[in-house]
Amino acid sequence: MTEVRTRFAPSPSGFLHVGGARTALFNYLYAKAKKGKFLLRIEDTDQDRSTEASFKIILESLKWLGMEWDEGPGVGGPNGPYTQSERIHIYKEYTDKLIQEKKAYRCFCTAEELEGKKKQADAMGIPYIYDGKCSDLSDAEIGSQLEKKIPFTVRFKTPHKIVIVDDMIQGKVKFESKLIGDFIIVKSDGFPSYNYAVVIDDALMKITHVIRGVGHLSNTPRQILIFEAFGFPLPRFAHASEIVGTDGKKLSKRAGATSVLAFRDLGYSSETMRNYMALLGWTSPDGKEYMSDEELCSVFDVERCSKSPATFDVFKKLKEEEKESVDFNKLTILGLAEYLNPKSKLNWMSNKYIRDTKIETLGKALEPFLKDCQIPEAFKSGENPQLLSILDSVRVYLDRLIQAPPYIEEFFLENLSFENDEAKQLVLEGKGKEVVAEFYRIVKESSLTTPDAYKESMAKVGEIMGEKGRTLFMPIRAITTGKSHGLELPILFSLLGQEKMVKRMEQLAGILGISFR
C-alpha cells in the first residue's frame, strides 16, 4: 500500500492566518490518521512579496500549533530542497523538456501588448484568453528574438479537452480547457509560476494527497494538464470549504483573518486552537467536538469534510460604522480582545480545556501572562503553590489565560485606594452611600459563598433602596474595588470571600469618611 504523503506549502508573504493554518492542520491530521508523512514546503517564487521575516513567522506559528513536519526546512529529507527558490535549476530542466517536446513555447509578447488585448476583451464583454500568437514561431524567429535578448515568458500549450477533477470533498468537477488558453508557466524573471512549480514539486516529493482551500479548485485543471504532460501520477485532490466570518463573508483583515499567533498572545492554548480549527468544515464520525490530539489524529478523514462554508465565530459581527475602520491586523492584543465573541465555540473549548488541564501544566502556561502582573515576583512562578491555589479557584471563569492576571492581582491587594475621583463620586453621589451601607450590612450578616448568592444580595439591596442598574452596581463596585470598571462582581466576590469583602469595604469607606457602624 502506497504511503500517504501530504504537504503544506505556504507563500512567505505575510503571517499565517486561520485559513492557512486550517489547511496545514487538515494535511497534518490526515497524514497522522493514515500513518503517513506530513511535509512543509516554502513557495517563495514571488520574489517581490516573499520575505525572511514572514518565513520565520510561518515556522513559529506551525511550531506553536504543534504541527511538526516530517520533511522540510530545518528537518531536511530525501526530496529537498524544500524551498522553491532553491529549486530553480530543477524547474529549468523540466521546462527545457516541455519546450523540446513542443508542449510549451517561449512567448515574446510585451506586457503592454497583452494588456491591450485584455482591455479589448473586457470592452467586448468576453473573458481574456491568450490568442497563441507566439505558439507557431519558427526556430529562426525564436533564435532572432533570443539574440536580441528580448524578454520572454514560457507558456504551456494547452490541449483542448475536458478536464475532470475527481475531488474527495467537492466531487467530480468538469473544466473546458479551451477556456483556459495557453498559460504562463515560467515568468520573464526566470521564476516558475505557482501552477507549474507546484506540480513538479508535488511529483518529485511523492505527494499523494493535495488538501487545500476551495479557492484553489480553479487552479487544479491547469495542474492536472501539467501532470499529464510529464506523465506524472496524479495525486488525490481535496478542496476544503471556504471559511466565513459571523457576517457570512469571506475572512479578511476586517473580518477576523488575523495571525494565529494572536491567539497564542490572547492566551488560548495550541491544543484548543487545533481542536477548534479541525471543526471548521469537518465533523467527527460520532459528532464529538471536544477532542484530544490523539482522537483527532486517529479519526480525521478528509472525506468527512463539508462542501458548505465553515463559520469562524471567534469575533463579533462588526457594526456598520466599524466595517471600514477596523483592521484586525493593526489592533493591539487588548484591542483585539474587545472584538472577541464571548459565546464562540473557541471560548467554550478553551474554558473546558482550562478546567480539565492539570493545574501544574496550567501554571507553567500562565507564566508569560504574569510578567506585568502587579503581584510579588515570587508568585509569578507557575510552580508557586499559592499561585496554583488561586489559579485553581479562578480557572472555571477563564476562557483564555490572558484573563487570569486581573483575578490574581485582586487576591494580593491589601491597601486599597480609589483609582480616581470618578470612582469616589460613584459612592458619594445620589443614594450611593445608602446603597453601599446596605450591601455592607448584608455581606457581614450573611454567609455568602457563591456568585449567585452575591448576585441575589445585590438585587436585594436594589429592592430595599429602590435602585437598579448603574446607580446600584457602580457604587458597590467602587466600594469593593476602588474602580469604576473591572471584573464581573459576583464572580470576584465569591473568590475573595466574606472576610476580605468586609475588610475592603471598611478600608475604602474610611478614605471617604464613611462609617458603617
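Structure: above.
Residues numbered from 1 in each chain as written. Predicted model: local features only at pLDDT ≥ 70, side-chain atom pairs only at ≥ 80, totals over all residues. Heavy atoms only, no water.

**Digging into the pattern of salt bridges**
Heads up, the condition is: Basic side-chain nitrogens of Lys or Arg form a salt bridge, by our definition, when they fall within 4 Å of a carboxyl oxygen of Asp or Glu. Numbering of helices and strands runs from the N terminus; a helix is a DSSP stretch of H or I covering at least four residues, while a strand is a stretch of E covering at least two. Remark: exposure states derive from per-residue accessible area (1.4 Å probe, protein chains only) relative to the maximum for the residue type, with buried under 20%, exposed over 50%, and partly exposed in between.
Using the criterion set out here, one finds 32 salt bridges in the structure. Between arginine 7 and aspartate 202 there is a salt bridge, with its nearest N and O atoms 2.9 Å apart. Taken together, the positions of arginine 7 in strand β1 (residues 5-8) and aspartate 202 in helix α6 (residues 194-204) put the pair 195 residues apart, joining distant regions of the chain. We note a salt bridge from glutamate 410 to arginine 504, for which the minimum N-O separation is 2.6 Å. Within this pair, whereas glutamate 410 is found in helix α15 (residues 404-412), its partner arginine 504 is found in helix α21 (residues 498-512), the two being separated by 94 residues in sequence. Here glutamate 410 matches arginine 504 in class, with each residue buried.

**Quick notes on the nonpolar core**
To be explicit about the condition: Residue types Ala, Val, Leu, Ile, Met, Phe, Trp, Tyr and Cys, when buried and joined through side-chain atoms within 4.5 Å, form a set referred to as a nonpolar core.
With 61 residues, the main nonpolar core has Leu62, Phe263, Met277, Trp282, Val302, Phe312 and Phe315 as its most contacted residues. When residues of this core are traced back to their parent elements, those giving at least two are α1 (18-33), β2 (37-40), α2 (52-64), β9 (236-240), α8 (260-265), α9 (270-278), α11 (333-337) and α12 (345-356). Element by element, the count of residues in this core is highest for α1, at nine residues. Within the second largest apolar cluster, 58 residues are counted, among which are Tyr454, Met465, Leu472 and Leu489.

**Comments concerning the environment of leucine 296**
Selection rule: Any pair of residues with heavy atoms lying within 4.5 Å of one another is described as a contacting pair.
Among the structural elements, leucine 296 can be located in helix α10 (residues 293-299). Between the C-alpha atom of leucine 296 and that of tyrosine 82, which follows or precedes it by 214 residues, the distance is 27 Å. Leaving out residues up to four positions away in the same chain, leucine 296 has contacts with Leu29, Arg274, Asn275, Ala278, Trp282 and Met291.

**Here we look at the environment of glutamate 115**
Among the structural elements, glutamate 115 can be located in helix α4 (residues 111-124). For the pair glutamate 115 and tyrosine 128, spaced 13 residues apart in sequence, the C-alpha to C-alpha distance is 9.9 Å.

**Structural notes on the environment of lysine 500**
Definition in use: Each polar contact in these results corresponds to two N or O atoms within 3.5 Å; when the atoms are within protein, one needs to be able to donate a hydrogen and the other to accept it, and residues that are neighboring in sequence are counted only if both atoms are side-chain atoms.
Within the fold, lysine 500 resides in helix α21. Separated by 87 residues in the primary sequence, lysine 500 and leucine 413 place their C-alpha atoms 9.9 Å from one another. Of note is the side chain of lysine 500, whose polar atom sits 2.9 Å from the backbone oxygen of phenylalanine 411.

**Thoughts on α6**
Taken across its 11 residues, α6 has eight buried, putting it largely inside the fold. Taken together, the buried positions of α6 are Asn195, Tyr196, Ala197, Val198, Val199, Ile200, Asp201 and Asp202. In this structure, the buried side of α6 is in contact with β1, α3 (88-100), β7 (184-186), β8 (209-213) and α7 (220-230). Just downstream of α6, lysine 206 is the residue with a positive phi angle, here 60°.

**Overview of helix α13 (residues 359-366)**
Put simply, the rule reads: Picture the helix axis, draw a direction to every C-beta atom, and the arc is the one those directions span.
All buried positions along α13 are accounted for by Ile359, Leu362, Gly363 and Leu366. Along the long axis of α13, the arc covered by the buried residues comes to 105°, so they all point the same way. The inward-facing, buried residues of α13 contact α12, α14 (385-394) and α15.

**Side note on the packing of helix α17 (residues 432-445) against helix α18 (residues 451-465)**
Going by this rule: Axis lines are fitted through C-alpha atoms, for helices just across the contact stretch, and the angle between N-to-C directions can take any value from 0 to 180 degrees. Our angle categories are set so that under 35 degrees counts as roughly parallel, over 145 as roughly antiparallel, 65 to 115 as roughly perpendicular, and the remainder as oblique. Note: crossing handedness is left-handed where the near helix turns anticlockwise from the far helix by less than a right angle, and right-handed where it turns clockwise.
For the pair α17 and α18, interaxial distance at closest approach is 10 Å and the crossing angle is 135°. Here α17 lies oblique to α18, going by the angle between them. Considering the relative orientation of α17 and α18, their crossing is right-handed. Together, Glu434, Val435, Glu438, Phe439, Arg441, Ile442 and Val443 of α17 and Tyr454, Ser457, Met458, Lys460, Val461, Ile464 and Met465 of α18 make up the contact between the two elements.

**Some details on the pairing of β9**
As a reminder of what qualifies: By definition, two strands form a pair when at least two bridges between them are found by DSSP. The crossover handedness rule: strands pointing away from the viewer, path from first strand over the helix to second strand clockwise, crossover right-handed.
Most of β9 is tucked away, with four of its five residues classed as buried. Where β8 and β9 come together, five bridges link them in parallel fashion. Pairing of arginine 212 across the sheet is with histidine 239, part of β9. Handedness of the β8-α7-β9 crossover: right-handed.

**A word on the sheet that holds strand β3 (residues 104-107)**
Taking strand neighbours across the sheet as the criterion, the three strands line up as β3-β4-β7 in an open arrangement whose pairing is antiparallel. Single-partner strands in this sheet number two, and they are β3 and β7. Here the average twist between neighbouring strands, direction ignored, is 45°. In terms of strand pairing, strand β4 (residues 153-156) meets β7 through two bridges, oriented antiparallel.

**Observations regarding the packing of helix α19 (residues 470-481) against helix α20 (residues 489-496)**
How we decide: Any residue that is not Ala, Val, Leu, Ile, Met, Phe, Trp, Tyr, Cys, Pro, Asp, Glu, Lys or Arg is counted as polar, Gly included; the first ten are nonpolar and the last four charged.
Axis separation between α19 and α20 bottoms out at 12 Å; the angle between their running directions is 30°. Where α19 crosses over α20, the two elements pack in a sense that is left-handed. Here Phe473, Ile476, Arg477, Thr480 and Thr481 of α19 come into contact with α20, specifically with Leu489, Leu492 and Phe493. Residue composition of the contact of α19 with α20, by class: five nonpolar, two polar and one charged.

**A short note on the packing of aromatic side chains**
Rules: Ring pairs are drawn from Phe, Tyr and Trp, using the six-membered ring of Trp, whenever the two centres fall within 6.5 Å, and their geometry is named by plane angle: stacked under 30 degrees, edge-to-face over 60, tilted for the rest. Charges are assigned to positions over rings by a cutoff of 6 Å between ring centre and Lys NZ or Arg CZ, combined with an angular limit of 35 degrees from the ring normal.
For the structure on display, the rule yields 22 aromatic pairs. An aromatic cluster is built from Phe263, Tyr268, Tyr276, Phe312, Phe315, Phe328 and Tyr339, whose rings are joined through pairwise contacts. The cationic tip of arginine 106 hangs over the ring face of phenylalanine 152; the distance from NZ or CZ to the ring centre is 5.7 Å. The ring of tyrosine 130 has arginine 155 lying over it, and the distance from NZ or CZ to the ring centre is 3.7 Å.

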